[in-house]
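# Coordinate analysis (summary)
So you can see what is in the structure, the chains are spelled out below.
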Amino acid sequence: MEGRSHLLVGLTAGVVLDSFVHLSGPPLTDPSTKVTLALLTSKAVYYFSVGFGALLPDIDNARSTLGQKFGFISEQIQHIAGHRTILHSFLGLILGSVLALGLERLIIFLLDMRNMQLPASLVEGSHLVFFAVLFGCVMHIAADALTQGGVPLLWPKKTRYGFPPDADWRFRTGSWPEHVIVWAFMILVTVAVWQQYLVI
Ligand SMILES: [Zn+2]
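Only a predicted model underlies this, so the values are computations on that prediction, with no experimental measurement involved. (Residues numbered from 1 in each chain as written. Predicted model: local features only at pLDDT ≥ 70, side-chain atom pairs only at ≥ 80, totals over all residues. Heavy atoms only, no water.)

What follows is about the nonpolar core. The nonpolar side chains of a soluble globular protein tend to be buried, and buried together. Ranked by size, the top nonpolar core spans 45 residues in total, and within it Y46, V123, V129 and V133 carry the most contacts. Put simply, the parts of the chain that give this core at least two residues each are helix 1 (3-21), helix 2 (37-55), helix 5 (90-113), helix 6 (117-126), helix 7 (128-144) and helix 8 (176-194). Here this core takes 11 residues from helix 7, the largest share from any one element. (Core = buried A, V, L, I, M, F, W, Y, C linked by side-chain atoms within 4.5 Å. Buried < 20%, exposed > 50% of the residue type's maximum accessible area, 1.4 Å probe, protein only. Helix = DSSP H or I, 4+ residues; strand = E, 2+ residues; numbered from the N terminus.)

Given below as structure tokens:
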């Protein structure tokens, strides 16, 4: 899938996840919620983390959205491992978890430095960044599994898996079915939020 599709799918799925587990705090769409700066900060940190996670596995492609930002690092990963290898597997998710924990410490540190102890303690207590980045990565791999190329879930084993299992039923990255799926998912979730089945 293209970077933009990954970002949109990740953020939309992030709304669904947060509706059920309320990682980012009480919902803004609930009239009884007191909207504070701390709450808005934690929402922003949550969606930033999901979005980052949703782009992270494609850092193995120097031409991808995140790859372009990480230039040299990305080129090296692509050179050594290749695109859609370790970072699109269970092993990659373990690596992603370690990175997510590091990013979480960094964000807590930055919030603390700006005297934002309240959101900092919220991030620390709920492991908001960790779960959000990891969820973004999982959504990325799941979305790539819908494409013809599939994903090497059990890397270093080379077998690629996808859904549906027959690759002929899957779409090619960047082709029109990709955009139909992304937009259909976004519209569905927007309607669900509007009808208050889901909350933000
Ligand atoms: Zn990918």
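Next comes the rest of the description.
The next thing to look at is unusual backbone geometry. In the segment running from W155 into P156, the intervening peptide bond is cis, with an omega of 10 degrees. Along the chain, P156 falls in the loop between helix 7 and helix 8. P164 follows F163 through a cis peptide bond whose omega is -5 degrees. With respect to the secondary-structure elements, P164 resides in the loop between helix 7 and helix 8. Phi is positive for R84, which is not a glycine, with a value near 50 degrees. Assignment of secondary structure puts R84 in the loop between helix 4 (71-80) and helix 5. Unlike most non-glycine residues, H127 shows phi in positive territory, near 50 degrees. Looking at the secondary structure, you find H127 in the loop between helix 6 and helix 7.

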